[in-house]
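Take a look at the letters that make up each chain.
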Amino acid sequence: MQFRPTLSKKHFIIPILQFIFVLLFFSLLLQELPAQTRKISRNNSIRSGPMLGYSEMREVLIWVQTLAECEVWAEYIEEGIKNEAIGSTNRVKTEREKAFTAKLIAADLEPGKRYVYWIVINGKRQPAQYPQVFQTLSLWQWRKDAPNVTFAIGSCAYINEERFDRSGKPYGEHYDIFSTIAGKSPDFMVWLGDNTYLRDPDWGSRSGILYRYSHTRELKELQPLLASVHHYAIWDDHDYGSNDADNSFIGKQLTREAFTLFWGNPTYGMDGKNGITTSFRWSDAEFFLLDDRWFKSPNKRRTGKREIIGESQFEWLINSLSSSQATFKFIVIGGQVLNSAAIHENFSTYPEERKKLLDAILAEKISGVIFLTGDRHYTSLSKMNREGTYPLYDLTVSPLTSGTYQMRDEVNDFLIPETYLSERNFGLLKLEGKGTERKLVIEVFTWDGKKAWVKEILAKDLK
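Since this is a predicted model, take the numbers as computed values, not measurements. Just so you know, the residues in each chain are numbered from 1, in the order the chain's sequence is written. Where totals are concerned, whole chains, interfaces and linings use all residues; where local detail is concerned, this predicted model gives features only for residues with pLDDT of at least 70, and gives and counts side-chain atom pairs only at 80 or more. The side-chain numbers reported here are obtained from all heavy atoms of the structure, hydrogens and water having been left aside.

## Here we look at the overall build of the chain
Turning to step 1, where the next piece is worked out: Strands are runs of DSSP state E lasting at least 2 residues, helices are runs of H or I lasting at least 4, and numbering of each runs from the N terminus. Scanning the chain from N- to C-terminus turns up 8 helices and 21 strands.
Turning to step 2, where the next piece is worked out: Taking 463 residues into account, the globule formula puts the C-alpha radius of gyration at 23 Å, and the chain, at 25 Å, falls close to it.
Turning to step 3, where the next piece is worked out: Taken over the C-alpha atoms alone, the chain extends approximately 110 × 55 × 40 Å along its principal axes.
Turning to step 4, where the next piece is worked out: Type-normalised accessible area, obtained with a 1.4 Å probe on protein chains alone, sets the label of each residue: buried when under 20%, exposed when over 50%, and partly exposed for intermediate values. Out of the 463 residues belonging to the chain, those deemed buried represent 55%.
Turning to step 5, where the next piece is worked out: Each accessible area is a Shrake-Rupley estimate made with a 1.4 Å probe; only the visible protein chains count as cover when residues are assessed. For the chain, the accessible area works out to roughly 21,700 Å², and carbon and sulfur atoms hold 52% of it.
Turning to step 6, where the next piece is worked out: Placing the 59 positive and 58 negative side-chain charges of the chain at their respective mean positions leaves the two points 5 Å apart. Radius of gyration: over C-alpha atoms. The globule rule applied is 2.2 Å multiplied by the number of residues raised to the 0.38 power. His is not counted here, nor are the chain ends, while Lys and Arg score as positive and Asp and Glu score as negative. Each charge is placed at NZ for Lys, CZ for Arg, CG for Asp and CD for Glu.

## Section: unusual backbone geometry
Turning to step 1, where the next piece is worked out: Here the amide bond leading from glycine 49 into proline 50 is cis, since omega sits at 5°, within 30 degrees of zero.
Turning to step 2, where the next piece is worked out: Its location among the elements puts proline 50 in strand E1 (residues 46–55).
Turning to step 3, where the next piece is worked out: Following serine 398, the chain continues into proline 399 via a peptide bond in cis, with omega recorded as -5°.
Turning to step 4, where the next piece is worked out: Here proline 399 is to be found in the loop between strand E18 (392–396) and strand E19 (425–432).
Turning to step 5, where the next piece is worked out: Of note in this structure, aspartate 108 is not a glycine but carries a positive phi near 55°.
Turning to step 6, where the next piece is worked out: Within the secondary structure layout, aspartate 108 lies in the loop between strand E6 (101–106) and strand E7 (114–121).
Turning to step 7, where the next piece is worked out: Positive phi values are uncommon outside glycine, yet serine 283 reaches one of about 55°.
Turning to step 8, where the next piece is worked out: Along the chain, serine 283 turns up in the loop between strand E13 (278–282) and strand E14 (285–289).

## Details of helix H8 (residues 351–363)
Turning to step 1, where the next piece is worked out: For H8, which comprises 13 residues, the first-to-last C-alpha distance of 18 Å matches the rise-based estimate of 18 Å (1.5 Å per residue) to within 8%.
Turning to step 2, where the next piece is worked out: When we look at burial in H8, the residues that qualify are Glu353, Arg354, Leu357, Leu358, Ala360 and Ile361. Along H8, the residues classed as buried sweep out an arc of 155° about the axis, all on the same side. The exposed set on the far side of H8, more than 90 degrees from its buried face, consists of Glu352, Lys355 and Ala363.
Turning to step 3, where the next piece is worked out: When checking whether two residues touch, look at their non-hydrogen atoms; a contact exists if any pair is within 4.5 Å. In the core, the buried residues of H8 are packed alongside helix H7 (310–323), strand E15 (328–333), strand E16 (369–373), strand E17 (380–384) and E18.
Turning to step 4, where the next piece is worked out: Phi turns positive, to about 55°, at lysine 365, one or two residues after H8. Here the expected span of a helix is defined as 1.5 Å times the quantity of residues minus one. As used here, the arc belongs to the directions running from the helix axis to the C-beta atoms.

## Structural notes on the pattern of salt bridges
Where charged atoms of side chains with opposite charge meet at close range, the side chains can pair.
Turning to step 1, where the next piece is worked out: Salt bridges are defined as contacts in which a side-chain nitrogen from Lys or Arg sits within 4 Å of a carboxyl oxygen from Asp or Glu. According to the stated counting rule, one finds 26 salt bridges in the structure shown.
Turning to step 2, where the next piece is worked out: Glutamate 218 is the partner of arginine 47 in a salt bridge, and the nearest nitrogen-oxygen pair spans 3.0 Å. Note that arginine 47 is positioned in strand E1 and glutamate 218 in the loop between helix H3 (206–217) and helix H4 (223–228), a separation of 171 residues in sequence.
Turning to step 3, where the next piece is worked out: When its relative accessible area of 9% is taken as the criterion, glutamate 218 is described as buried.
Turning to step 4, where the next piece is worked out: Across the salt bridge formed by glutamate 345 and arginine 293, the nearest N and O atoms sit 2.7 Å from each other. Highlighted residues: glutamate 345 in the loop between E15 and H8 and arginine 293 in the loop between E14 and H7, separated in sequence by 52 residues.
Turning to step 5, where the next piece is worked out: One continuous salt-bridge network, built from bridges that share partners, spans Asp236, Asp292, Arg293, Lys296 and Glu345.

## Examining the pairing of E18
Turning to step 1, where the next piece is worked out: With 5 of 5 residues buried, E18 lies mostly within the body of the structure.
Turning to step 2, where the next piece is worked out: Side-chain alternation along E18 places Leu392, Asp394 and Thr396 on one buried face and Tyr393 and Leu395 on a second face that is also buried.
Turning to step 3, where the next piece is worked out: Paired strands are those between which DSSP finds at least two bridges. Sheet analysis places E16 next to E18, joined by 4 bridges and oriented parallel. Residue pairing in the sheet places leucine 372 in a bridge with leucine 395 of E18.
Turning to step 4, where the next piece is worked out: Sheet analysis places E17 next to E18, joined by 5 bridges and oriented antiparallel. By the bridge assignment, leucine 381 is partnered in E18 with leucine 395.

## Some remarks on the pairing of E14
Turning to step 1, where the next piece is worked out: In terms of burial, E14 is largely enclosed, as 5 of its 5 residues are buried.
Turning to step 2, where the next piece is worked out: Of the two faces of E14, the one holding Ala285, Phe287 and Leu289 and the one holding Glu286 and Phe288 are both buried throughout.
Turning to step 3, where the next piece is worked out: As paired elements, E13 and E14 share 5 bridges and run antiparallel to each other. Across the sheet, the residue bridging to threonine 278 is leucine 289, located in E14.
Turning to step 4, where the next piece is worked out: Pairing geometry for E14 and E15, over 5 bridges, is parallel. Across the sheet, residue phenylalanine 288 finds its bridge partner in E15, namely isoleucine 331.
Turning to step 5, where the next piece is worked out: Taken together, E14, H7 and E15 constitute a β-α-β crossover, and its handedness is right-handed. A right-handed crossover is one whose linking path, passing over the helix from the first strand to the second, runs clockwise when the strands point away from the viewer.

## A look at the side chain of glutamine 65
Turning to step 1, where the next piece is worked out: Along the chain, the position of glutamine 65 falls in strand E2 (residues 60–66).
Turning to step 2, where the next piece is worked out: Whenever two N or O atoms come within 3.5 Å, that pair is a polar contact, provided that in protein one can donate a hydrogen and the other can accept it, and provided that, for residues adjacent in sequence, both atoms are side-chain atoms. Separated by 2.8 Å, the side chains of glutamine 65 and serine 48 make a polar contact.
Turning to step 3, where the next piece is worked out: Polar contacts involving the side chain of glutamine 65 include one to the main-chain carbonyl oxygen of alanine 99, which spans 3.0 Å.
Turning to step 4, where the next piece is worked out: Ignoring any residue separated from it by four or fewer positions in sequence, one finds glutamine 65 in contact with Ile46, Arg47, Ser48, Ala99, Phe100, Thr101, Ser214 and Phe262.

## Describing the side chain of glutamate 410
Turning to step 1, where the next piece is worked out: Tracing the sequence through the fold places glutamate 410 in the loop between E18 and E19.
Turning to step 2, where the next piece is worked out: Among the residues examined, glutamate 410 registers a relative accessible area of 8% and is labelled buried.
Turning to step 3, where the next piece is worked out: Reaching out from glutamate 410, the side chain makes a polar contact with the side chain of arginine 376 at a distance of 2.8 Å.
Turning to step 4, where the next piece is worked out: Ignoring any residue separated from it by four or fewer positions in sequence, one finds glutamate 410 in contact with Gln336, Asn339, Ala341, Ile343, Arg376, Tyr378 and Tyr405.

## Regarding the packing of H3 against helix H6 (residues 252–262)
Turning to step 1, where the next piece is worked out: Axis geometry follows a simple rule: fit a line to the C-alpha atoms, using only the stretch in contact for helices, then measure angles between N-to-C directions, giving values from 0 to 180 degrees. In the contact formed by H3 and H6, the axes pass within 9 Å of each other and the chain directions differ by 30°. Comparing the axis directions of H3 and H6 gives the class roughly parallel. Taken as a pair, H3 and H6 cross one another with a handedness that is right-handed. Only Leu254, Thr255, Glu257, Ala258, Phe259, Leu261 and Phe262 of H6 make contact with H3, whose side of the interface consists of Arg206, Ile209, Leu210, Tyr213, Ser214 and Arg217. To sort the angles, those under 35 degrees are grouped as roughly parallel, those over 145 as roughly antiparallel, those from 65 to 115 as roughly perpendicular, and the leftovers as oblique. The hand of a helix crossing depends on one turn: near helix anticlockwise from the far one by less than a right angle means left-handed, and clockwise means right-handed.

Pasting the structure below:
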C-alpha cells in the first residue's frame, strides 16, 4: 500500500506567510525607486507620451513611445461634436531598433479645430488620466485678423539619475515646472536646447544616447504637458553631444537620429540629412529653428573660418527671412546673439559671424526680428538700438530644471537690468491685438508659477 502523508495546518500556513512576506518586500522596494525610473502608472503599454508634434491646417503629428513591440495608432474626434465619425491615424509597429517610438499622422483635418484623441495599442484603447487634445492651425489669411496665440519657451532640462550623475547635490530640481507650464494652457512650446543632458556613459554609443532620451522623456511630471500642447525643438551641446561639442563630434549622426526619433518637428535639416534646421508658422509669426552645433567650428580653433551656423545655414536663414510675410520673425538658437560680453559660447565669441548676421538683417531691411535663445542658466532680455531702424531683442530663457548661474562680472551693454533672473523659470509669450495694434507680450514665471516680470513689444516698433 502506498504511503500518503498526513498534512497539518502548519504545512499550509507557512508557505502562505512566506508568500505574503515576499509581496510586502517587493512592494516596499518599488516605493523606494526614484519616480522617473518606475513605469508610468496610467497603463502598462506606454512608456512616455503621447506628445503632440507639429500642427498644420490639415495635419497633426502625434508621438508616443511604448514599452515593447506592438501596433499603435491614434483615434480622434472633433471636440464637443457628438455622433461624428471617429478618425484614425496611420498604424505603426514599434521596434526596439527605434526605441519603440512611433509618429502618428492625423490627416485630412479641418482648419482651426480642436480634436480629442486616444492612443490605441494592439487594438485596445488606452485610458487617459489628463486631457489629450490637439488643434489645427486657423485659415485666417485674407479673411480676418491674425488669431491671438500663446506659446511657452524654455531651455536646460536636467533629469537626475544618481548612478550616472556626478557626486554632490543633484543638478536637477523642481520638475513641477512642467505642471506649471501645462496649467498655463499654451498653444505650443518651443524648446530652446539642452532639452536632455547626455552623460559621460551616453554619448559614445547609440544605445546610450537612446537610453538618455528615453529616461528624460518618461518623467511623470512631463506627461500632461506633452499630451495637450504642441512641441517644437532645437538642440544645444548637451542633447547634441558632450559639453561645448562642435562639428568635429564623431557621434553627431547618432544624436541627430535620436533627435528625429524623439521630436515632432516638420523637418530636420535644410537638405533633410545634415543637422536639425527647420521652420514653422503659427498665426502671424514664423519661427526659424537654427542648429548651432552641426556646423560650428571648435571654440579653440585659431585658424580658418570661425563660425557657429555656417555658410549654408546662413544663406538659408537670410533667404527665409527675406521671403517671410510674418509680422514677427523669431530666430531660435541655443546661444545668445546680442550679449556684448564675449563669454562662454555666445555669438560675441565669434564676432565675424555675428557682425555678418546683423549686417545682413539690416541690409535686407528685414522687419520683425526677435531672437529666442537659451543655454545660459539665467533669463534676461537684451535690446540693441540701431541707428535709422528698429531695435533688435534677444530673449534668453533658462533654465527649466537644471542648475542656475549667477551673472557677476559679465557686462552686457544691451541688458535690460530688471529682466535678469537666476531661478528655474519659463517664458510665456502672447501675440495679441488687431491690425496696427498687434503686440508681443513677454511674461516670465518662476518654476512655481510666480510672475517675475512682463514686457511688451509693439509690432509697429519692429519695422
